[in-house]
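What follows is the residue order along each chain.
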Protein chains: 2
Amino acid sequence: MDSIAATPLPEGAKARRVYLALRDQIADGRLGDGDSLPGEQQLAQSFGVSRVTVRRALQALVEAGLVVRRAGSGTRVSAAVQSRPMAMDFTTLMPQLVEMGQSTAARLLSFAYGEAPDFIARAMRLPAGEEVQIATRVRSADGTPFSHLTTYVPAGIAQNYSENDLATTPLFKLLERSGVRIDAAHQSVSATLAGPDVAEALNVAVGSALLSLKRVVRDETGAGVEYLSGLYRPDMFRLEMPLARVGTGPARHWEPAIGRTEEDAS
Amino acid sequence: MDSIAATPLPEGAKARRVYLALRDQIADGRLGDGDSLPGEQQLAQSFGVSRVTVRRALQALVEAGLVVRRAGSGTRVSAAVQSRPMAMDFTTLMPQLVEMGQSTAARLLSFAYGEAPDFIARAMRLPAGEEVQIATRVRSADGTPFSHLTTYVPAGIAQNYSENDLATTPLFKLLERSGVRIDAAHQSVSATLAGPDVAEALNVAVGSALLSLKRVVRDETGAGVEYLSGLYRPDMFRLEMPLARVGTGPARHWEPAIGRTEEDAS
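Figured I'd write up the structure that's included with this text. (Residues numbered from 1 in each chain as written. Chains lettered and ligands numbered in written order. Predicted model: local features only at pLDDT ≥ 70, side-chain atom pairs only at ≥ 80, totals over all residues. Heavy atoms only, no water.)

Concerning the relation of the copies chain B and chain A
One copy of the chain maps onto the other through a rotation about an axis followed by a shift along the same axis. Applied cut-off: The copies are overlaid by a least-squares fit using only the C-alpha atoms of residues whose pLDDT is at least 70 in both copies. Only heavy atoms enter the contact rule, under which two residues are in contact if any of them lie within 4.5 Å.
The transformation that overlays chain B on chain A combines an axial shift of 0.0 Å with a rotation of 180 degrees, and the residual RMSD is 0.1 Å. Taken together, the turn and the small shift mark the pair as related by a two-fold rotation axis. A share of 100% of the interface residues of chain B reappears at the interface of chain A, consistent with the copies meeting face to face through the same patch.

Observations regarding unusual backbone geometry
All names here are of chain B. For the record, the criterion: Put simply, DSSP H or I for four residues or longer makes a helix, DSSP E for two residues or longer makes a strand, and each gets a number counted from the N terminus. Between buried and exposed lies partly exposed: a residue is buried under 20% and exposed over 50% of the maximum accessible area for its type, with that area taken using a 1.4 Å probe on protein chains only.
The phi torsion at Arg 125 lies on the positive side, around 60 degrees, for a residue other than glycine. For Arg 125, the position within the fold is in the loop between α4 (118–124) and β6 (131–141). Phi at Asn 203 takes a positive value of approximately 60 degrees, unusual for a residue other than glycine. For Asn 203, a relative accessible area of 40% puts it in the partly exposed group.

Brief notes about the packing of aromatic side chains
Defined as follows: In this scheme Phe, Tyr and Trp rings, the latter by its six-membered ring, pair at centre separations within 6.5 Å, and the angle between planes marks the pair as stacked below 30 degrees, edge-to-face above 60, and tilted otherwise.
Applying the stated criterion across every chain, the model contains 10 aromatic pairs over all chains. Ring centres of A:Phe146 and A:Phe237 lie 6.3 Å apart, and the angle between their planes is 15 degrees; on these two criteria the pair is classed as stacked. Of the two residues, A:Phe146 is situated in strand β7 (residues 144–154) and A:Phe237 in strand β11 (residues 237–246); the sequence distance between them amounts to 91 residues. With a relative accessible area of 0%, A:Phe146 lands in the buried category. Note on A:Phe237: relative accessible area 0%, which makes it buried. Look at B:Tyr232 and B:Phe237: their rings are 4.2 Å apart centre to centre, the planes differ by 15 degrees, and that puts the pair in the stacked class. Of the two residues, B:Tyr232 and B:Phe237, both sit in the buried class.

Put into structure tokens, the structure is as follows:
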């Protein structure tokens, strides 16, 4: 999958900021194919930067193939690469590959045992100072990285699988293979900015927007068996939630629609 | 609700970038209360900026009350303001107010009728050029803006309610009151950067990370009756998803756990 994020970024923090904001608007359809961008002067005013900076950002959009500029007719969107992000499947909590033939691979960035940080211990309901395995993996689809996953697993459970297992098998399967009886999970979804380390691992600019997902997985006793902190590139990954309106009268309400398919799930 | 995002930002795009990245790490617990930040030299290297820039970012964090600096002992997190974002309730798709007594209000930023943009018409399965009502609202909790909502509704439905209705009543209720029989919805969740207009409306810096939600609502015939493009401040709003592991053997899978409560849903 070609990615619009892999093209070179403009020089300078301000030009980069303008470039990233416009790229996001094109990527998520707020600026559609053929739409005109505001003029240089207007962009300069609204971003509070110079026209030179705007021109540098627009030139980078041209080089990325996202806009075309013509003397007299201004700048228009020409989104040749329509990104089609993969979706997360509710029934497996694993990224679902939208197109057949797309393969993902995980790369283990770090692997260590140590004390659980306070906020992890609290979320997992572990005693303070409990030893956990901390692993960071980057997952790629057809060579393009899309997720940066840091997982925390109590050492007593993690000793049942190896570093190599972790690079090749979903953690979730390793836990069940280790005899853990998974009962519940809680996901909290938000957004954050890419810091230097994560930006490098995901091949995006520092300061790019990332989808952020925290997941606590519990066994039947309520004990935390996994804490996941996942960061996802929004051009590569979305969370899809089909919902159905059920019940009658005042009891009518929304419920997640499991097993329903949506034709236009993008 | 006091917000850590409302404090003044440091001068300069690079210092702002460092400030926002560190603020995000503190807000979501990656840097916990009492944790030491890396030294100035290390931060300068990892962000690719000068030490002067790092010092300006750290000074802004001090002024925001997020860190304390002491000669000899470096910089430590002192997150006095623990943000407790509100959650979205699955059964109403409305923000759930975490604390009693917190009130939300909507402000109508714009209201117009016009042709549906192409990507909206496609998503709603409307004929190209169909007339829609386009409204933009900002919702605040106790005076702090948290969501920027742009909605598209076919003109034939929208004529059943007024501009004033829209500022005071959830759109969803207006649709049902207009005789629309809502059947299904599809939400797609991602992340994006705040552009100048949205940043101003939400009182955040340009280039802040926002949670982005697209929702298509359909009636029983499959026709689109509402398209929502929502942008949410991650320090004020999260999407919470409790999940249960159900079934046995190879059929064991995850399902959203409706009605379950989680003690530590933050």
